[in-house]
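Spelled out, the chains give:
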2 protein chains.
Amino acid sequence: MRGLAEPQCPVDTAMGVLSGRWKGSILWRLHENGAMRPGELRREISGVSEAVLLRQLAELVDDGLVVRTDHGTWPLHVSYEISEYGATAGPLVEQLCAWGRAHQARIG
Amino acid sequence: MRGLAEPQCPVDTAMGVLSGRWKGSILWRLHENGAMRPGELRREISGVSEAVLLRQLAELVDDGLVVRTDHGTWPLHVSYEISEYGATAGPLVEQLCAWGRAHQARIG
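Identification of chain A as Putative HTH-type transcriptional regulator YdzF from Dietzia timorensis is taken from an unreviewed UniProt entry.

A. A look at the UniProt feature "domain: HTH hxlR-type" (unreviewed entry) in chain A. Mapped onto this numbering, the UniProt entry annotates "domain: HTH hxlR-type" (unreviewed entry) at residues 9-108 of chain A. Between the C-alpha atoms that bound residues 9-108 of chain A the distance is 32 Å, and the span itself is 58% helix and 10% strand.

B. Looking closely at the relation of the copies chain B and chain A. Mapping chain B onto chain A leaves a residual RMSD of 0.0 Å; the transformation is a rotation of 180° accompanied by 0.0 Å of translation along its axis. Interpreted geometrically, this transformation is the action of a two-fold axis. Most of the interface of chain B is mirrored in chain A: 100% of its interface residues are interface residues there too.

C. Examining unusual backbone geometry more closely. Following Trp74 of chain A, the chain continues into Pro75 of chain A via a peptide bond in cis, with omega recorded as 0°. You can see Pro75 of chain A is positioned in the loop between β1 (66-70) and β2 (78-82).

D. Examining the interface of chain B and chain A more closely. Taken together, the 45 residues of chain B in the interface contact 45 residues of chain A. In this assembly, chain B and chain A are joined by 2 salt bridges. In this structure, Arg21 of chain B and Asp12 of chain A form a salt bridge, with 3.5 Å as the shortest nitrogen-oxygen distance. Counting every contact that joins chain B to chain A gives 8 residue pairs in polar contact (both at pLDDT 80 or more). Looking at which element gives the most residues to the side of chain B that touches chain A, the answer is helix α5 (residues 90-107) of chain B, with 12 residues. Of the residues contributing to the side of chain B that touches chain A, the split by class is 21 nonpolar, 13 polar and 11 charged.

E. Summary view of the packing of helix α1 (residues 10-18) of chain A against helix α2 (residues 23-33) of chain B. Viewed as axis vectors pointing N to C, α1 of chain A and α2 of chain B meet at an angle of 145°, and their least axial separation amounts to 8 Å. The interaxial crossing formed by α1 of chain A with α2 of chain B has right-handed handedness. Contacts from Pro10, Val11 and Asp12 of chain A of α1 of chain A reach α2 of chain B at Gly24, Ser25 and Trp28 of chain B. Across the contact of α1 of chain A with α2 of chain B, the residue classes break down as 3 nonpolar, 2 polar and 1 charged.

F. Main features of the packing of aromatic side chains. Summed over all chains, the structure comprises 2 aromatic pairs over all chains. Between Tyr85 of chain A and Trp99 of chain B, the ring centres sit 5.8 Å apart and the planes meet at 25°, which makes this aromatic pair stacked. Of this pair, Tyr85 of chain A sits in the loop between β2 and α5 (90-107) while Trp99 of chain B sits in helix α5, placing the two residues on different chains. Owing to a relative accessible area of 14%, Tyr85 of chain A belongs among the buried residues under this scheme. Lying across the ring of Tyr85 of chain B, Arg106 of chain A places its NZ or CZ 3.8 Å from the centre.

G. How the structure looks around helix α2 (residues 23-33) of chain A. Residues and elements named next belong to chain A. For α2, a buried count of 9 out of 11 residues is recorded, marking the element as mostly surrounded by other parts of the structure. Every buried residue belonging to α2 is among Lys23, Gly24, Ser25, Ile26, Leu27, Trp28, Arg29, Leu30 and Asn33, and all of these are buried. One or two residues past the end of α2 sits Gly34, with phi positive at roughly 80°.

H. Focus on the pattern of salt bridges. Per the stated rule, a full pass over the model turns up 7 salt bridges over all chains. The residue Arg29 of chain A makes a salt bridge to Glu44 of chain A at a minimum N-O spacing of 3.7 Å. Here Arg29 of chain A, found in helix α2, pairs with Glu44 of chain A, found in helix α3 (residues 38-44); they are 15 residues apart in sequence, far enough to count as distant. Among the residues examined, Glu44 of chain A registers a relative accessible area of 14% and is labelled buried. In this structure, Lys23 of chain B and Glu59 of chain B form a salt bridge, with 2.6 Å as the shortest nitrogen-oxygen distance. Of this pair, Lys23 of chain B sits in helix α2 while Glu59 of chain B sits in helix α4 (residues 50-62), and the two are 36 residues apart along the sequence. Residue class for Lys23 of chain B comes out buried when judged on its relative accessible area of 3%.

Reading guide: rules and limits
Residues numbered from 1 in each chain as written. Chains lettered and ligands numbered in written order. Predicted model: local features only at pLDDT ≥ 70, side-chain atom pairs only at ≥ 80, totals over all residues. Heavy atoms only, no water. UniProt positions renumbered as here; feature names shortened; annotations may be inferred. Helix = DSSP H or I, 4+ residues; strand = E, 2+ residues; numbered from the N terminus. Least-squares fit on C-alpha atoms with pLDDT ≥ 70 in both. Contact = heavy atoms within 4.5 Å. Salt bridge = Lys/Arg side-chain N within 4 Å of Asp/Glu carboxyl O. Polar contact = N/O pair within 3.5 Å; in protein donor to acceptor, adjacent residues only side chain to side chain. Nonpolar A, V, L, I, M, F, W, Y, C, P; charged D, E, K, R; others polar. Axes fitted to C-alpha atoms, helices over the stretch in contact; angles between N-to-C directions. Left-handed = near helix turned anticlockwise from the far one by under 90°. Phe/Tyr/Trp six-rings, centres within 6.5 Å; stacked < 30°, edge-to-face > 60°. Buried < 20%, exposed > 50% of the residue type's maximum accessible area, 1.4 Å probe, protein only. Lys NZ or Arg CZ within 6 Å of the ring centre and 35° of its normal.

In C-alpha cells:
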C-alpha cells in the first residue's frame, strides 16, 4: 500500500478552501462573469443572505482567490473578481460544475 | 450578466457530495489504491475516528461513489472500493489533489 503520509491530504486542503455553503457558486459566477458586485452575486445565487455572502467573499479574499475593489465612490461601489491566483482554480471549478451537472442528471 | 438560474448550482451539488471532513481523502486513497479495508483506510488517513470513517463511507456508498463488499468470512472482512460511477469523479479528485498541493506550497 503506497504510504501517502503528507502534512495534510492535498484533497482535504483543496476542499477546505472551496468548502463553505456558497463558495463553489461564488467562484463559478465570478469565473463565468468577471467582476461582480455583491448585489449581482446575490441575485444569481438564490438563498444566500448578504451577511453570509460577504463573509464567504472575505474568506475567499483572505485565501487569495478573490480580489475586492473599492471604487472610491459614494454611494459605496465595491466589486469582487477572481484573482490571478484564483484563476488557477478555474479548471477545477469547471470540472466540479461538469461533474455536479452529471450527478444532478443521475439523481434526477 | 448571463443568468445562471438552475435548480441548484452544479458546483454546489458536487461540493455537497464531496464535502465531509474526510471524503476527499477517502476517495483519493481508494482511487489510488483500489479496494481497501476500513483499518487500512484509518492507517492512511491520520486523525479520523472509526465511527466517522464508517459513516462517511456509508454516505459515499449511498451516493453511489463507493461499493462495500462483505467477503462473507468470520471474522468479518469488509472492503470498500470506488464504484464504476465513482470512477467518473477520479479526474476531479486528481485535480483537487494537484490544486491542493499547489495551495499547500503557496501557503507554506
